[in-house]
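Here are the chains, one letter per residue:
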Amino acid sequence: MNTREIKAQKQGWIPKKERIWIILAIIIAALIMLWELRGLLQLSLTTLHSRQFEHTFKGFGSNARIALFCVLAYYVLLRAIKLRHLKGYGKVKKWLSTLLRFARRWHTPAAILAIAFIILHTVAVFMHGFKFDFNNISGLLSLVVLLPVPISGLFRYQRMDRKWHLRSGVAFAILFLIHSFL
């Protein structure tokens, strides 16, 4: 084993400097999910099939969309900072690198919160009544593509993912954008 593999084994799955934020995001996501699921399970059948309930599950989707834009901002900034057009603009690159550090720090916690809202959105849609239309099918496809993203993200910390996190994340982002805006 080389020194990188030994160091990766000693540090655990998640680096120490990110561990506190990830654990905090998991706790917040779990509390949000438990609170909202408790509220959803107490609703009557007439409320579940009303127009007003549509605003509830669309609200979960909107919250997930906001969090996912924060998650995707990391990749956009990473790509933007590598542009050749910014070669002579030192201040812009410095500003972008500051934003990139911020986006990198909040990439995983925002993704955890987004997954919680996606799960709530999915549960609420199935409680309301799943119809086989384009919007629901595209949402279901994006949910299936989302499943390997967090798992490959854990492997990403160990440098064992072979770019699966990025590939499945891009596939999810495309399907998510189709679901959100069409």
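I will try to describe carefully the structure that is included in this document. For clarity, every value in this text was computed on a predicted model and none was experimentally measured.

How each quantity is defined
- Residues numbered from 1 in each chain as written.
- Predicted model: local features only at pLDDT ≥ 70, side-chain atom pairs only at ≥ 80, totals over all residues.
- Heavy atoms only, no water.
- Helix = DSSP H or I, 4+ residues; strand = E, 2+ residues; numbered from the N terminus.
- Buried < 20%, exposed > 50% of the residue type's maximum accessible area, 1.4 Å probe, protein only.
- Contact = heavy atoms within 4.5 Å.
- Areas by Shrake-Rupley, 256 points an atom, 1.4 Å probe, with all protein chains shown as cover.
- Core = buried A, V, L, I, M, F, W, Y, C linked by side-chain atoms within 4.5 Å.
- Patch = residues over 30% accessible without salt bridge, like charges linked within 9 Å, V, L, I, M, F, W, Y side chains within 5 Å.
- Salt bridge = Lys/Arg side-chain N within 4 Å of Asp/Glu carboxyl O.
- Lys, Arg positive; Asp, Glu negative; His and termini not counted.
- Charge placed at Lys NZ, Arg CZ, Asp CG, Glu CD.
- Phe/Tyr/Trp six-rings, centres within 6.5 Å; stacked < 30°, edge-to-face > 60°.
- Polar contact = N/O pair within 3.5 Å; in protein donor to acceptor, adjacent residues only side chain to side chain.

1. Brief notes about the overall build of the protein
Looking only at helices and strands, one finds 8 helices and 0 strands in the protein. Along the longest, intermediate and shortest principal axes, the C-alpha atoms of the protein span 60 × 40 × 25 Å. Looking at the 182 residues of the protein, the share that counts as buried comes to 34%. Long-range pairs, those at least 24 residues apart, make up 74% of the contacts in the protein between residues at least 6 apart in sequence. Per element, the accessible surface of the protein, about 12700 Å² overall, is 68% carbon and sulfur.

2. Focus on the environment of A80
Mapped onto the elements of the fold, A80 is located in helix α4 (residues 51-81). Residues A80 and A111, 31 residues apart in the sequence, show an inter-C-alpha distance of 21 Å. With near-sequence residues (within four places) excluded, A80 lies in contact with L86 and L96.

3. Section: the nonpolar core
Within the largest apolar cluster, 26 residues are counted, with the highest numbers of intra-cluster contacts made by F53, F60, L68, I118, A124 and F172. Sorting the residues of this core by element identifies α2 (16-41), α4, α5 (90-128), α7 (148-157) and α8 (164-181) as the ones contributing at least two each. Among the elements that take part in this core, α5 stands out by supplying 8 residues, more than any other. If we skip the residues at most four places from it in the chain, F53 touches L40, L43, T47, L48, A124 and H128. Membership of the second largest hydrophobic core comes to 8 residues, among which are L77, I81, L86 and L100.

4. Observations concerning a positive patch on the surface
Together, R79, K82, K163 and R167 line one region of the surface with positive charge. Locating K82 in the fold gives a position in the loop between α4 and α5. For K82, a relative accessible area of 60% translates into the label exposed.

5. What to know about the packing of aromatic side chains
Scanning all chains against the criterion turns up 9 aromatic pairs. Where Y74 meets Y75, the ring centres are 5.3 Å apart and the plane angle is 65 degrees; that geometry is what we call edge-to-face. Taking relative accessible area as the criterion, Y74 reaches 16% and is therefore assigned buried. Overall, Y75 belongs to the partly exposed group, its relative accessible area being 26%.

6. Things to note about the side chain of H179
Within the element layout of this structure, H179 appears in helix α8. Classification of H179 as buried rests on a relative accessible area of 18%. A distance of 3.2 Å separates a polar atom in the side chain of H179 from a polar atom in the side chain of S138. Contacts of H179, omitting those with residues within four sequence positions, involve H121, N135, S138 and G139.

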